[in-house]
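Spelled out from the first residue to the last, the chains are:
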Amino acid sequence: MDRWIEKDLKYVWHPYTQMKDCETLPPILIEKAKGIKLYDNKGNIYYDTISSWWCNVHGHNHPKIKAAIKKQLNSLEHILFAGFTHKPAILLAERLVSITPEALTRVFFSDNGATAVETALKMSFQYWQNIGEKRKIRFVSLDNGYHGDTLGAMSVGGVEQFNAVFSPLFFPSFKAPSPYCYRCPMGKERASCNIDCLKPLEEILKNNGEQIAAMILEPLIMAAGGMIVYPKEYLEKAAFLVRKYNVHLIVDEVATGFGRTGKMFACEHVNIQPDFMCLSKGITAGFLPLAVTLTTDRIYYAFYDDYEKRKTFCHGHTYTANPVSCSAAIASLDVFQEQDTINKISKTMPVFQEGLEKMRDLPFVGDVRKIGMIGAIEVVKDKKSKSVFNFEERIGFEIYKKGLAKKLLLRPLGNIIYLFPPLCIKREELVYVLDNFYEVIKDIEP
Ligand SMILES: Cc1ncc(COP(=O)(O)O)c(C=O)c1O
C-alpha cells in the first residue's frame, strides 16, 4: 500500500465512510484537479461528476478565483467579525442582496451549510421571542428533507438513514410528508393528483400554527434525501400556506443555489418571498468554506433595540465572513457574469437531461429525475412493484466501484445514483460522463 495511504489510514477518520471498507478500497490520493477532472498520484483521471459534494461550480483550479484568493492573502487573511468589518464581506453582502429575492436585505455570515441553517432556525425562533410571541417555539419540515449534520439541522431533517441513531437527541418538530411523486405518500399519481400531499402540511399548520416559528424546506429538489425533484406548485402553495398561518419560510438553497437548477436560485422558478435563505456550497464555487443566511428587514428590526432590552442575536462562528472566502465568492459571481454561466447552461441542460432520459428503459431503473444540472436514477429491484434492493446488498457501493473503473466519481445515495457536475462541463466531457454512466447503470447486477 502507498505510504501516504498507510498514513492516512493510521491517522484520519473520513466523513460518511465505513473505515473498514478502506481495507479493500482505500481512499484515492488526489494530487491536482483542473476543470472537472481530478488527477491521482498514480496518473489516473476521475471525472468529478458530483462537483466534490455539490460545491464546485466553474471547475477546479479556476484561474480567476485562484487569483482573487492570492490577492486577498496579500492584505488580510482573517479577522474577527464583531466590532470589525472588511471590504470583501461588505461587497459580497451587497452583491448577494442584489441577486436574491427582493425581500431579503440582510446578510448574516457563517461557514458551512449546517451553520447557515442553524442561524436561520435560531433567528426565526428568537424573532418570535423578541416580539412577544413566546409560544412559537417549534418548526415544521419535510420527510426526506436534509439540512446538515448538526443537531439542530438534523432535528428538522427527515432522512431516516442518517437520523435514526441520533434521534433521541433531537428537539421535537412537526414533519409533513414529502412531495415524493415516484413514491407518493398519498398513494396518488402525479398526472391526476391535486398536490394532495399539501393537505397534511395544511393540517399541521392549521392545528399548530401558533406554536410554529418556521417551515424549512429545500426548494424544488430534496437533494440528500434522494434527489427528489418535486412540482413547482408544491413550493408555491407551501409558501402561501405558511404565510396564511403566520409562519416563517426558510428556503435551504445550500445545494440548489448558484445556478444548479438552471436559475441562479431555485426560488426564482416560482414567485415566492422567503423570510430566510441559506446559502453555502457553491457560494465560493467550491474553493473555501463560507455560508450566509439572508433575511428581511422585518426580522432584522425585531432584534434592533437598546442593548438592555436583550434582543441581540447572540450567535456567531470564529471564521464568520472570512475575507479570503468572501473574495473567492465575489470572484465566482464575477465569473457568472463574465462567462454568462446561467445562459450557457441553458444550452447544456437539454443534452444532459436527454442523456438521462435514455436510461429510463434500463432493467433496474425505476425513476429518472432531473432539474437543471442535477440528474438522478432511482434503482429498483423490480420496476413494477418498485421494490428496493436490501441495505445489505450495498448496490450504491457496487456502483461507486464500477464508476471508478470508468473514471467516474459517483457517490450514490443508497439506491439513488446521481450526476451533479460542475456547471462548466464541456460538451465532450458531458458525452463521456453520460455514456459511461449509462454503462454503469446498464451493468447493475443484484
Ligand atoms: C440542502 C442542504 N442543506 C444543508 C447542507 C449542509 O451543508 P454542509 O455539509 O456544508 O454543512 C447540505 C449538505 O449537503 C444540503 O444539501
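Please read all numbers here as calculations on a predicted model, not as lab measurements. (Residues numbered from 1 in each chain as written. Predicted model: local features only at pLDDT ≥ 70, side-chain atom pairs only at ≥ 80, totals over all residues. Heavy atoms only, no water.)

### Some words on the overall build of the protein
Next, step 1: Regarding its fold elements, the protein presents 14 helices and 16 strands.
Next, step 2: The C-alpha atoms of the protein give 22 Å as radius of gyration, which agrees with the globular expectation for 446 residues (22 Å, within 12%).
Next, step 3: In terms of overall dimensions, the protein has C-alpha extents of about 65 × 60 × 45 Å along its principal axes.
Next, step 4: Counting over 446 residues, the protein shows a buried share of 53%.
Next, step 5: Here the contacts in the protein between residues at least 6 apart in sequence split such that 70% fall between residues at least 24 apart. (Helix = DSSP H or I, 4+ residues; strand = E, 2+ residues; numbered from the N terminus. Rg over C-alpha atoms; globule rule 2.2 N^0.38 Å. Buried < 20%, exposed > 50% of the residue type's maximum accessible area, 1.4 Å probe, protein only. Contact = heavy atoms within 4.5 Å.)

### Some words on the packing of aromatic side chains
Next, step 1: A complete count under the given rule lists 19 aromatic pairs for this structure.
Next, step 2: Measuring from ring centre to ring centre gives 5.9 Å for F139 and F171, while their planes differ by 45°; the resulting arrangement is tilted. With F139 in strand β5 (residues 138-142) and F171 in the loop between α7 (160-163) and β6 (174-176), this residue pair connects regions lying 32 residues apart in the sequence.
Next, step 3: Ring centres 6.4 Å apart and planes at 80° place the aromatic pair Y418 and F420 in the edge-to-face group.
Next, step 4: Among the aromatic residues, those joined into a cluster by ring pairs are Y16, W53, Y146 and F162.
Next, step 5: In this structure, R106 is placed above the aromatic ring of Y300, and the distance from its NZ or CZ to the ring centre is 3.8 Å. (Phe/Tyr/Trp six-rings, centres within 6.5 Å; stacked < 30°, edge-to-face > 60°. Lys NZ or Arg CZ within 6 Å of the ring centre and 35° of its normal.)

### Some thoughts on the site of the ligand
Next, step 1: For the ligand, the full set of nearby residues is W54, N112, G113, A114, Y146, H147, G148, E218, D252, V254, A255 and K281.
Next, step 2: At a separation of 2.6 Å, a nitrogen atom of the ligand approaches a polar side-chain atom of D252.
Next, step 3: Note that an oxygen atom of the ligand is positioned 3.1 Å from one of the side-chain N or O atoms of K281.
Next, step 4: A total of 390 Å² of accessible area belongs to the ligand in isolation, and the protein chains cover 82% of it.
Next, step 5: Looking at the shell around the ligand, its residues break down into five nonpolar, four polar and three charged. (Near = heavy atom within 4 Å. Polar contact = N/O pair within 3.5 Å; in protein donor to acceptor, adjacent residues only side chain to side chain. Areas by Shrake-Rupley, 256 points an atom, 1.4 Å probe, with all protein chains shown as cover. Nonpolar A, V, L, I, M, F, W, Y, C, P; charged D, E, K, R; others polar.)

### Remarks on the nonpolar core
Soluble globular proteins tend to bury their nonpolar side chains together.
Next, step 1: By size, the foremost hydrophobic cluster in this structure holds 117 residues, and its most contacted members are L201, M227, Y234 and F437.
Next, step 2: With sequence-adjacent residues up to four places away left out, F437 is seen in contact with L356, M359, I377, L408, L410, I417, Y418 and L419. (Core = buried A, V, L, I, M, F, W, Y, C linked by side-chain atoms within 4.5 Å.)

### What about helix α4 (residues 87-99)?
Next, step 1: The terminal C-alpha atoms of α4 lie 19 Å apart, and with 13 residues this matches the ideal 18 Å at 1.5 Å per residue to within 8%.
Next, step 2: The inward-facing, buried residues of α4 abut α3 (63-75), β4 (104-110), β11 (276-279), β12 (291-296) and α11 (323-338). (Expected span 1.5 Å × (residues − 1).)

### Topic: the sheet that holds strand β1 (residues 30-34)
Strand pairing in a sheet is mediated by backbone hydrogen bonds. Such pairs are either parallel or antiparallel.
Next, step 1: Strands sit in the order β1-β2-β3-β15 across an open sheet of four strands; the sheet is mixed. A single partner strand is all that each edge strand has here, and the edge strands are β1 and β15 (408-409).
Next, step 2: Here two bridges tie strand β3 (residues 45-48) to β15, and the two strands are oriented parallel to one another. Each bridged residue has a counterpart across the sheet, and for D48 the counterpart in β15 is L409. (Pairing = 2+ DSSP bridges.)

### A short note on the packing of α3 against α11
Next, step 1: Between α3 and α11, the least distance of the axes is 8 Å, while the angle of their chain directions is 150°. Taken as axis vectors, α3 and α11 run roughly antiparallel relative to one another. As for the relative orientation of α3 and α11, their crossing is right-handed in sense. Here K64, I65, A68, I69, Q72 and L73 of α3 lie close against α11, whose contacting residues are P323, V324, S327, A328, A331, S332, D334, V335 and E338.
Next, step 2: Taken together, the residues that form the contact of α3 with α11 break down as nine nonpolar, three polar and three charged. (Axes fitted to C-alpha atoms, helices over the stretch in contact; angles between N-to-C directions. Parallel < 35°, antiparallel > 145°, perpendicular 65-115°, else oblique. Left-handed = near helix turned anticlockwise from the far one by under 90°.)

### Observations regarding the packing of α4 against α11
Next, step 1: The N-to-C vectors of α4 and α11 enclose an angle of 40°; their axes lie 9 Å apart at closest approach. When the axes of α4 and α11 are compared, the pair comes out oblique. Between α4 and α11 lies a crossing of left-handed hand. Residues P88, A89, L91, L92, R95, L96 and I99 of α4 form the contact with α11, whose participating residues are P323, C326, S327, A329, I330, L333, D334 and Q337.
Next, step 2: Split by residue class, the contact of α4 with α11 holds 11 nonpolar, two polar and two charged.

### Thoughts on the sheet that holds strand β16 (residues 416-419)
Next, step 1: On the basis of which strands lie adjacent, the open sheet formed by three strands has the order β13-β14-β16 and antiparallel pairing. For this open sheet the edge positions go to β13 (365-371) and β16, each flanked by a neighbour on one side alone. Neighbour to neighbour, the strand axes of the sheet diverge by 15° on average, direction disregarded.
Next, step 2: Inspection of the sheet shows strand β14 (residues 374-379) paired to β16 by four bridges, in the antiparallel sense. Each residue of the ladder has a partner; that of E378, found in β16, is I416.
Next, step 3: Against the sheet, helix α14 (residues 427-442) makes contact with β13, β14 and β16, and its axis sits at roughly 170° relative to β16, the strand it touches most.

### Section: a nonpolar patch on the surface
Next, step 1: Judged by side-chain polarity, L151, V165, F166 and L169 come together as a nonpolar surface patch covering roughly 390 Å² of accessible area.
Next, step 2: Position of L151 relative to the elements: it lies in helix α6 (residues 151-155). (Patch = residues over 30% accessible without salt bridge, like charges linked within 9 Å, V, L, I, M, F, W, Y side chains within 5 Å. Salt bridge = Lys/Arg side-chain N within 4 Å of Asp/Glu carboxyl O.)

### Observations regarding the confidence of the model for the protein
Next, step 1: Chain-level statistics for the protein give a pLDDT mean of 97 and a share of 100% at 70 or above.
Next, step 2: Ranking the helices and strands of the protein by mean pLDDT puts β11 first, with 99, and α7 last, with 94. (pLDDT = per-residue confidence, 0-100.)

### A closer look at a positive patch on the surface
Next, step 1: Together, K34, K66, K70 and K426 line one region of the surface with positive charge.
Next, step 2: Here K426 is to be found in the loop between β16 and α14. (Lys, Arg positive; Asp, Glu negative; His and termini not counted. Charge placed at Lys NZ, Arg CZ, Asp CG, Glu CD.)

### Regarding the pattern of salt bridges
Next, step 1: Scanning the model with the defined rule gives 22 salt bridges in all.
Next, step 2: The shortest N-O distance in the salt bridge between E203 and K206 comes to 3.8 Å. One end of the pair is E203 and the other is K206, both in helix α8 (residues 198-208) and three residues apart, which spans about a single turn.
Next, step 3: The exposure class assigned to E203 is partly exposed, which follows from its relative accessible area of 40%.

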